[in-house]
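Letter by letter, the chains look like this.
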Amino acid sequence: GDILALAGLELAAKDDPRPPLAGVRLVLARHLETLAEEEHRGWMDVRLKNGWRRCDRSADANVRRAMRAERRSDCLVAYQDLPEAEREKDRDTIRWYPRAAALAGLKIVAKSQR
């Protein structure tokens, strides 16, 4: 919800009288970098609150598995310092929001003026 608000959007129950926003994917695309950066920040906050620590990147899959088991991640850095492939994961998460909302029985609408 907080991330959607950055693009002037919000989650609503399916029975909310407001219609789902037509073109929501275009709105998300227009704000993609800002939203992806905030998505990453939230991901980091959860990890850090759960005792995760930053570590150096490794190309070895076995080392990466061991790092995760020890609650260590090389992605606990600012969004702009992530490798492009990791930033793309955050962008994909944003692109998935409409589907995730639907699966949760919600819809994305224009933010109410309250």
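Residues numbered from 1 in each chain as written. Predicted model: local features only at pLDDT ≥ 70, side-chain atom pairs only at ≥ 80, totals over all residues. Heavy atoms only, no water.

> Outline the overall build of the protein chain, listing residues and values.
What the protein chain contains, in helices and strands, is five helices and four strands. In terms of overall dimensions, the protein chain has a C-alpha envelope of 50 × 25 × 25 Å along the principal axes. In the protein chain, buried positions account for 32% of the 114 residues. When contacts within the protein chain are restricted to residue pairs at least 6 apart in sequence, long-range pairs at least 24 apart make up 66% of them. Carbon and sulfur atoms make up 53% of the accessible area of the protein chain, which totals about 7,300 Å². If the 23 positive side-chain charges of the protein chain are averaged to one point and the 19 negative ones to another, these points end up 3 Å apart. (Helix = DSSP H or I, 4+ residues; strand = E, 2+ residues; numbered from the N terminus. Buried < 20%, exposed > 50% of the residue type's maximum accessible area, 1.4 Å probe, protein only. Contact = heavy atoms within 4.5 Å. Areas by Shrake-Rupley, 256 points an atom, 1.4 Å probe, with all protein chains shown as cover. Lys, Arg positive; Asp, Glu negative; His and termini not counted. Charge placed at Lys NZ, Arg CZ, Asp CG, Glu CD.)

> With reference to specific residues and values, describe helix H4 (residues 61–69).
The opening residue of H4, the one whose side-chain oxygen lies 2.7 Å from the backbone nitrogen of Asn62, is Asp60. Directly after H4, the chain includes Arg71, whose backbone phi takes a positive value near 55 degrees. (Polar contact = N/O pair within 3.5 Å; in protein donor to acceptor, adjacent residues only side chain to side chain.)

> Break down the pattern of salt bridges for me, with residues and values.
Where charged atoms from two side chains of opposite charge approach closely, those side chains can pair. Tallied over the entire structure, the rule returns 14 salt bridges. Across the salt bridge formed by Arg41 and Glu38, the nearest N and O atoms sit 2.3 Å from each other. Of the two residues, Arg41 and Glu38 both sit in helix H3 (residues 32–49), three residues apart, roughly one turn of that helix. For Glu38, a relative accessible area of 25% gives the class partly exposed. Here Arg91 makes a salt bridge to Glu84, at a shortest N to O gap of 2.5 Å. Given the relative accessible area of 41%, Glu84 is considered partly exposed. (Salt bridge = Lys/Arg side-chain N within 4 Å of Asp/Glu carboxyl O.)

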